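Residues per chain, in single letters:
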Amino acid sequence: MLITFEGIDGAGKSTQVKKLKKYLMEKGHDVITLREPGGTVVAEKIRDLLLESKHDITPVGELLLFSASRAELVQNVILPELKRNKVVILDRFYDSTTAYQGYGRGLELQLLQQINAIASFGLQPDCTFFLDISPEDALIRKFSEKSLPLAFEESELDRMESSGLAFYQKVRKGYMKLLENNERFVLLNAGDEPQAIHDRIIQKLASLCKNTASTEPAKNRKQ
Ligand code: TMP
């Protein structure tokens, strides 16, 4: 089973990924958590290039780098782990590309669909949790996490985070469009208490799993 988490930076995805991993492991599932971009030696190098680079990267270059990182991760890690019946929890997948490079940077959505399909080898998440937060609130969170004053130095932000509030507003709108058009999306209010968000995630997965034999804990499944 492939579960993905999406949201703008600062929405609290990593907290929920950790909580869900712990919960599923306690239930006896074999779980692996991964993040994009990254997860293989090559993909981590691409991550550094994308986030740490002080150089400008063109929107198409950015799209292809995120996609290259994804192809590495999907073929080398995600597909083999799914074959081993692991539950894969992924912090970002191609919906990030649609939201950030499509709606945010303005690249053509049809082109993105094709590239997303190539880079993910046609793989689709079973369920996608979207943590919604306004870009303004996300920024405040980000700075309190890093214990920085709100009058900040640009250099404290990575290359994507330096894209500005207007960019993040477009990205958020993009996620809303994805939510309208995809049943696998579950909307969560990132402003709620982390435990309440986690409880909703568990509820949603429980109803999803009722009809899905493949989500039984691996040790209970017949070989
Ligand atoms: P994160 O790992 O802290 O979420 O950082 C990844 C950054 O990269 C974040 O700003 C979202 C961005 N991103 C894209 O723009 N497109 C993508 O396809 C992915 C996976 C991430």
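Structure: above.
The structure contained in this document is the topic of the report that follows. (Residues numbered from 1 in each chain as written. Predicted model: local features only at pLDDT ≥ 70, side-chain atom pairs only at ≥ 80, totals over all residues. Heavy atoms only, no water.)

**Remarks on helix 2 (residues 41-52)**
Right, on to step 1. The first and last C-alpha atoms of helix 2 sit 16 Å apart over 12 residues, in line with the 16 Å expected at 1.5 Å per residue.
Right, on to step 2. Of the positions making up helix 2, those classed as buried are Ala43, Ile46, Arg47, Leu50 and Leu51. Projected onto a plane normal to the axis of helix 2, the buried residues spread over an arc of 120° and lie on a single side. In helix 2, the exposed positions angled more than 90 degrees off the buried face are occupied by Val41 and Lys45.
Right, on to step 3. Structurally, helix 2 contributes buried residues whose contacts are with strand 2 (31-35) and helix 3 (59-83). (Helix = DSSP H or I, 4+ residues; strand = E, 2+ residues; numbered from the N terminus. Expected span 1.5 Å × (residues − 1). Buried < 20%, exposed > 50% of the residue type's maximum accessible area, 1.4 Å probe, protein only. Arc of directions from axis to C-beta. Contact = heavy atoms within 4.5 Å.)

**Some details on the sheet that holds strand 4 (residues 127-132)**
Right, on to step 1. With respect to topology, 5 strands assemble into an open sheet ordered 2-3-1-4-5, the strand pairing being parallel. Edge positions in the open sheet fall to strand 2 and strand 5 (185-189), since each of these has one partner strand only. Each neighbouring strand pair of the sheet contributes to a mean axis angle of 20°, computed without reference to strand direction.
Right, on to step 2. Bridge analysis of strand 2 against strand 3 (residues 87-91) gives 5 bridges, and the strand direction is parallel. (Pairing = 2+ DSSP bridges. Axes fitted to C-alpha atoms, helices over the stretch in contact; angles between N-to-C directions.)

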